[in-house]
Amino acid sequence: MNGGGPRSPSYIMDLIAENILTILILLPVVGALAVLGHQIFWKQESQLKWVTFAITLLNFLLSLVLVFDKGAVSASGFHFEKNVPWISAINTNYHVGVDGLSLWLVILTTFIMPIAVISTWHAVEKKATAFYIFLLLLESAMIGVFVSLDLLVFYLFFEASLIPMFFLIGVWGGKDRIYAAVKFFIFTAIGSLLMLVAIIALYFMHADATGVGTFDFVTLLNTLKLGNMTFSASAGAFLFLAFALAFSIKVPLFPFHTWLPDAHTEAPTAGSVILAAVLLKMGTYGLMRFNFTLFPDQAREFAPLFIVLAIIGIVYGALVAMVQPDVKRLVAYSSVAHMGFVILGMFSFTEWGMQGAVYQMLNHGVSTGALFLLVGFIYERRHTRMISDFGGLANVMPIYATIFVITAMSSVGLPFLNGFVGEFLIMVGMWKSTILSVTATANWNYIATMVAGTGVIFAAVYLLWMIQRVFFGKVTNDKNRGLADLSYREIGLMVPLLFLMVFMGVYPRPFLEATHSSVTEIQKRVMQRAGGEIDHAHVPGPSEEKTEAHLEIQQK
């Protein structure tokens, strides 16, 4: 006890660690108020980007507390939990926490935001105050989604993330920005409303089963595990599909993908980077966190449908990307294909596939976010993204061309770059899965893996073909001869992303170890039939799987 005297540094650090998730959520909100106050009282709009960058950088540094906590990166269960009453009348709590599944997604969010801010340094001239406020509010909502353990709180953060992105696209986007923003909002809002209906239904089902209604995810999960609450076949299917529709639209999974190319194409560079790196992951995270754990029987029942849709998305996205005349639209369709791989790995219900899916979420955020940054750099110089307007850029922008090629190879899945590890684990996981039927004439898991594998080939085709037309050969347009190569600011933006592409490709162990406990726990849950029996026909032994998976990674 030190009475009213100054607190010791260790006390302050413990206080920060105890409330770290709340701080990560609220600091961007405080930053948004600071940006607003700065504009009102000082009216120096040029300094707003520095204020915003400082807030996002501080939030990233604070989020590293999660990584350096040994319990959060190795043990199962939730860490840094905070559970306090919020609305007592409906038994809703402010309940937040992180585990291996959400840990790296929170870090990815805080890591991308400073990069997104710096990318707008000279690009945003009109209404800069509102732009930076929306960026900060969006960061707060995205972090809230990944750490919420109360379904109602999760829903509120999930919906809150729509509003800032709607305005970022609608106000600072391209010529068709209003159409793209409205389409984005309608698609995602409709799916979310059905999820809200399912959340309310779960509340009353729990009340009927136990006498107490709750939105708390951990309480609902424990009640289901104990068998105190069960679903009929029709109720379980409705609840699963209501959640799955909201998340499938967000991924987006074919055929709910049509909003994505328009949103990406019209969004400002920072909006495209955040959309690709973080917002899409809210869908895959939701499927694994809620659909797999709350409705395991229905997840197994509908797995073949999701696998088929994922494969269609992989092949369709790659083929459509191949014929795009716009570089940014090409990258947008590549996201449809890459996120199809994530869904494929998740629904393989093997440790390899599910670990690969989580890893691919991170890979996609790094690689595709970097591609959108690079497209933004050239658009600022030429105000066009049409492939036909370029040619021979490597002659006038060699640094830009080199970084672009490395990033594209990461997206393709070149060995020793991050994309390879995720796709390899997903393909092995799907190959070894037995969630699809095996007949006398065909093993559908093998067939699904081989068809999905064509997406890797197509990815090489559309990216290498685009690179050939944009960068190599002679300069075909005189307007490109005087283009300046990347500035120190732009190179500095790309350096941390390039580092992660190589580091995650060469040494994936720390990422996979951090997610291992949480992923295997979800895997066991989704393969557990009513009565607590594990469906061994569909899942290899965890210890055997872990050993083989690690050996295969090390060998590769």
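Residues numbered from 1 in each chain as written. Predicted model: local features only at pLDDT ≥ 70, side-chain atom pairs only at ≥ 80, totals over all residues. Heavy atoms only, no water.

Chemist: Can you help me understand the overall build of the protein chain in this one?
Modeler: Looking only at helices and strands, the protein chain features 23 helices and two strands. Scored against the burial criterion, the 556 residues of the protein chain give a buried share of 60%. Taking contacts inside the protein chain between residues at least 6 apart in sequence as the whole, the part at least 24 apart equals 79%. Surface summary for the protein chain: the accessible area is close to 21,300 Å², and the carbon and sulfur share equals 67%. (Helix = DSSP H or I, 4+ residues; strand = E, 2+ residues; numbered from the N terminus. Buried < 20%, exposed > 50% of the residue type's maximum accessible area, 1.4 Å probe, protein only. Contact = heavy atoms within 4.5 Å. Areas by Shrake-Rupley, 256 points an atom, 1.4 Å probe, with all protein chains shown as cover.)

Chemist: Even after reading the chapter, I still don't get the packing of aromatic side chains, so can you show me in this structure?
Modeler: When we look at a pair of aromatic rings, we describe it by the centre distance and by the angle of the planes. For the structure on display, the rule yields 41 aromatic pairs. With 6.4 Å between their ring centres and 85 degrees between their planes, Phe 53 and Trp 121 make a pair best called edge-to-face. Of this pair, Phe 53 sits in helix α3 (residues 48-67) while Trp 121 sits in the loop between α4 (100-119) and α5 (128-147); the two residues are 68 residues apart in sequence, bridging distant segments of the chain. The class of Trp 121 is buried, set by a relative accessible area of 13%. These aromatic residues form a ring-pair network of at least three members: Phe 78, Phe 154, Phe 158, Phe 217, Phe 231, Phe 243, Phe 247, Phe 290 and Phe 295. Above the ring of Tyr 379, the side-chain terminus of Arg 385 is found at 4.9 Å from the ring centroid. For Lys 432, the ring lying beneath its charged end belongs to Trp 352, and the centroid distance is 5.4 Å. (Phe/Tyr/Trp six-rings, centres within 6.5 Å; stacked < 30°, edge-to-face > 60°. Lys NZ or Arg CZ within 6 Å of the ring centre and 35° of its normal.)

Chemist: Quick question: what am I supposed to make of the pairing of strand β1 (residues 79-87) here?
Modeler: Along any regular strand, the residues point their side chains to alternate faces of the sheet. Where β1 meets strand β2 (residues 92-98), six bridges bridge the pair, whose relative direction is antiparallel. What sits directly across from Asn 83, in β2, is His 95. As consecutive antiparallel partners, β1 and β2 are separated by four residues, and within that stretch Asn 91 has a phi angle of approximately 60 degrees, a positive value. (Pairing = 2+ DSSP bridges.)

Chemist: How do you make sense of a nonpolar patch on the surface when you look at a structure like this?
Modeler: Side chains of Trp 86, Ile 87, Ile 90 and Leu 156 sit close together on the surface and give an oily, nonpolar patch of about 330 Å² of accessible area. Locating Leu 156 in the fold gives a position in helix α6 (residues 151-160). For Leu 156, a relative accessible area of 40% translates into the label partly exposed. (Patch = residues over 30% accessible without salt bridge, like charges linked within 9 Å, V, L, I, M, F, W, Y side chains within 5 Å. Salt bridge = Lys/Arg side-chain N within 4 Å of Asp/Glu carboxyl O.)

Chemist: Hey, could you run me through helix α9 (residues 217-225) in this one?
Modeler: Because the α-helix completes a turn every 3.6 residues, residues three or four places apart line up on one side. Among the residues of α9, those classed as buried are Phe 217, Leu 220, Leu 221, Thr 223 and Leu 224. Seen along its axis, α9 keeps its buried residues to an arc of 160 degrees; they face one direction. In the core, the buried residues of α9 are packed alongside α6, α8 (177-210), α13 (281-294) and α22 (509-526). Positioned one or two residues after α9, Gly 227 has a phi angle of 80 degrees, which is positive. (Arc of directions from axis to C-beta.)

Chemist: Where do I start with the nonpolar core in this structure?
Modeler: Here is a general trend for soluble globular proteins: nonpolar side chains tend to be buried in one another's company. If you look at the biggest cluster of nonpolar residues, it comprises 199 residues, and the most contacted ones within it are Phe 243, Phe 292, Met 346 and Leu 497. In terms of residues, this core owes the most to one element, helix α16 (residues 351-382), which gives 16 residues. Not counting the four nearest positions on each side in its chain, Met 346 is found in contact with Thr 284, Leu 287, Met 288, Phe 292, Gly 353, Met 354, Ala 357 and Met 361. (Core = buried A, V, L, I, M, F, W, Y, C linked by side-chain atoms within 4.5 Å.)

Chemist: What is the right way to read the environment of Leu 105 from this model?
Modeler: Relative to the helices and strands, Leu 105 is located in helix α4. Overall, Leu 105 belongs to the buried group, its relative accessible area being 3%. When near neighbours in sequence (up to four residues on either side) are disregarded, Leu 105 contacts Phe 146, Lys 281, Tyr 285, Met 361 and Leu 362.

Chemist: What's the story with the packing of α16 against helix α21 (residues 488-506) in this structure? I'm lost.
Modeler: Pairs of packed helices are described in terms of their axes, by the angle between the two and the distance that separates them. It is at 10 Å that the axes of α16 and α21 come closest, and there the two elements cross at 155 degrees. One element, α16, and the other, α21, form an angle in the roughly antiparallel class. For the pair α16 and α21, the sense of crossing is left-handed. Listed contacts from α21 to Tyr 359, Leu 362, Asn 363, Val 366, Ser 367, Ala 370, Leu 373, Leu 374, Phe 377, Glu 380 and Arg 381 of α16 are Arg 489, Glu 490, Leu 493, Met 494, Leu 497, Leu 500, Met 501 and Met 504. Within the contact of α16 with α21, the residues separate by chemical class into 13 nonpolar, two polar and four charged. (Axes fitted to C-alpha atoms, helices over the stretch in contact; angles between N-to-C directions. Parallel < 35°, antiparallel > 145°, perpendicular 65-115°, else oblique. Left-handed = near helix turned anticlockwise from the far one by under 90°. Nonpolar A, V, L, I, M, F, W, Y, C, P; charged D, E, K, R; others polar.)

Chemist: What's the story with the side chain of Ser 102 in this structure? I'm lost.
Modeler: By the secondary structure assignment, Ser 102 is in helix α4. Not counting chain neighbours up to four residues away, the residues in contact with Ser 102 comprise Gly 97, Phe 146, Tyr 285 and Arg 289.

Chemist: How do you make sense of the confidence of the model for the protein chain when you look at a structure like this?
Modeler: Detailed reading of the predicted coordinates is not advisable wherever pLDDT is low. Summarising the model, the protein chain shows a mean pLDDT of 88, and 90% of its residues fall at 70 or more. Least confident of the elements in the protein chain is helix α23 (residues 542-555), whose mean pLDDT is 44; most confident is α6, at 95. In this model residues 535-551 is a low-confidence stretch, pLDDT under 50, and it forms 27 contacts with partners more than four residues away in sequence or in other chains. (pLDDT = per-residue confidence, 0-100.)

Chemist: Can you help me understand the pattern of salt bridges in this one?
Modeler: Note that side chains of opposite charge can pair when their charged atoms are close. In the structure shown here, the tally under the stated rule is ten salt bridges. With a closest N to O distance of 3.6 Å, Lys 82 and Glu 18 form a salt bridge. In this pair, Lys 82 sits in strand β1 while Glu 18 sits in helix α1 (residues 9-18), placing the two residues 64 residues apart along the sequence. One salt bridge in this structure joins Lys 183 and Asp 262, with 3.0 Å as the shortest N-O distance. Taken together, the residues span a long stretch of sequence, with Lys 183 in helix α8 and Asp 262 in helix α11 (residues 259-266) at a distance of 79 residues. As far as the burial class goes, Lys 183 and Asp 262 line up, both buried. Via salt bridges that share partners, Lys 183, Asp 262 and Arg 329 belong to a single interconnected network.

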